[in-house]
Amino acid sequence: MIEVQDLVKRYGSYLAVDHLSFSAEKGQIYGFLGPNGAGKSTTMNIMTGCLAPTSGTVLVDGMDLQQQPEKVKQRIGYLPELPPLYPEMTVREYLTFAARLKKVPKAQVLHEVVQAMEKTGLNDEQDHLIRTLSKGYRQRVGLAATLLGNPDVVILDEPTVGLDPRQILEIRDLIRSLRDDHVVLLSSHILSEVSAVCDYIFILSHGRLVASDTPENLEAQLHADGALCVSVRATPQEMHLLCDAMLPGIPVEIGAGARAGQTELRFGSVDDTVTEKLFYACAAAKRPILKMEREKASLEEIFLELTDDDHAGPAEQEDDLREEAGA
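My aim in this report is to walk through the structure given alongside it, one point at a time. (Residues numbered from 1 in each chain as written. Predicted model: local features only at pLDDT ≥ 70, side-chain atom pairs only at ≥ 80, totals over all residues. Heavy atoms only, no water.)

## A look at the overall build of the protein chain
1) Next: From N to C terminus, the protein chain includes twelve helices and 14 strands.
2) Next: Long-range contacts, defined here as pairs at least 24 residues apart, represent 70% of the contacts in the protein chain between residues at least 6 apart. (Helix = DSSP H or I, 4+ residues; strand = E, 2+ residues; numbered from the N terminus. Contact = heavy atoms within 4.5 Å.)

Here you go:
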């Protein structure tokens, strides 16, 4: 388990991380979602010990990163946006080198390297020079290095950036496979990435946590009173008459459906009483309801609703540069 408590990071007068608190446990993949400059990479750099916080605490299995940095870092695997690979090494040579840097006991290095290559599908590439690999396979090498030492927490910063669609799908599958054995956190500003991979989402805006929940619950919480969409086997004229008689004063948009003989109705924010009246009215008129559902917000709509005041000014742009540099 990893726990962040009241984390703050200032760059001069600019507040990059604003009293951020959250926790994550094994068994789920957590996503950091936010626009550029929201503080995602800064937070990750602090969590991995690459950057000192202005104040606040990071705990891994109850151990304080500031007080026991070496022990805590041994429990964390970190894949930065640009993996620090050595292109003139073979895959096996690099992973062996990385294992020694991580202070994996000498007797366990070979086992750790072999296991990491198996998890990431690199067995057939182990004797190839890294410079000859595609970007997707270089990303696998970085991920394999991240898993050396079997860390409790795996932190991935933009793990699929720059990959082609097939490589993205492959890396996503690899990330999902880590769920049961590690606490997995990844950052991204690509909404489809977070939606496809993550079980739980933290949305950051101006360094603050503005929402945290499953994608499904975020949709329900933000648009619980969404529009009611109904498809009925009837003509628009018939539905106009029915709604005027049974639902007087209730605003409704009525139009022809996508298929002949169907009509689409869209009510604004209405309660269950309207839903019941419509159901019984259609049943009495022998006009079957083919579909009835609430509109749901897409992850894109949720993101825009929560971060619509994010406009990167000079301070935010400075933070972007610091995040990219891992400062």
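## Description of the sheet that holds strand E1 (residues 2-11)
By definition, the strands of a sheet pair up through backbone hydrogen bonds, in either a parallel or an antiparallel sense.
1) Next: Across the sheet, four strands lie side by side as E2-E1-E4-E5; this open sheet has antiparallel pairing. Single-partner strands in this sheet number two, and they are strand E2 (14-24) and strand E5 (63-64).
2) Next: For E1 and E2, the ladder comprises seven bridges, and the chain directions are antiparallel. Each residue of the ladder has a partner; that of arginine 10, found in E2, is leucine 15.
3) Next: Contacts from helix H1 (residues 40-47) reach E1, E2 and strand E4 (55-60) within the one sheet, and its direction differs from that of E1 by about 120°. (Pairing = 2+ DSSP bridges. Axes fitted to C-alpha atoms, helices over the stretch in contact; angles between N-to-C directions.)

## Here's the deal with the pattern of salt bridges
1) Next: For the coordinates displayed, the defined rule picks out nine salt bridges.
2) Next: Here aspartate 173 ties to arginine 176 by a salt bridge, and the two come within 2.8 Å at their closest N and O atoms. Here aspartate 173 and its partner arginine 176 are both found in helix H6 (residues 165-177), three residues apart, which amounts to about one turn of the helix.
3) Next: Residue classification places arginine 176 among the partly exposed residues on the basis of a relative accessible area of 28%.
4) Next: Between arginine 287 and glutamate 238 there is a salt bridge, with its nearest N and O atoms 2.9 Å apart. (Salt bridge = Lys/Arg side-chain N within 4 Å of Asp/Glu carboxyl O. Buried < 20%, exposed > 50% of the residue type's maximum accessible area, 1.4 Å probe, protein only.)

## Observations regarding the environment of isoleucine 46
1) Next: Along the chain, isoleucine 46 falls in helix H1.
2) Next: Residue classification places isoleucine 46 among the buried residues on the basis of a relative accessible area of 1%.
3) Next: Sequence-wise, isoleucine 46 and valine 4 are 42 residues apart; in three dimensions their C-alpha atoms are separated by 9.9 Å.
4) Next: Beyond its immediate stretch of four places on either side in the chain, isoleucine 46 contacts Leu7, Lys9, Leu51, Pro53, Val58 and Leu65.

## Description of the packing of helix H9 (residues 236-246) against helix H10 (residues 272-284)
1) Next: Two elements in contact, H9 and H10, have axes whose closest approach is 11 Å; the angle formed by their N-to-C orientations is 125°. In terms of axis orientation, H9 runs oblique to H10. Judged by the sense of rotation from one axis to the other, the crossing of H9 with H10 is right-handed. From H9, Met239, Leu242 and Met246 reach across to H10, where they touch Lys277, Leu278, Ala281 and Cys282.
2) Next: Residue composition of the contact of H9 with H10, by class: six nonpolar, no polar and one charged. (Parallel < 35°, antiparallel > 145°, perpendicular 65-115°, else oblique. Left-handed = near helix turned anticlockwise from the far one by under 90°. Nonpolar A, V, L, I, M, F, W, Y, C, P; charged D, E, K, R; others polar.)

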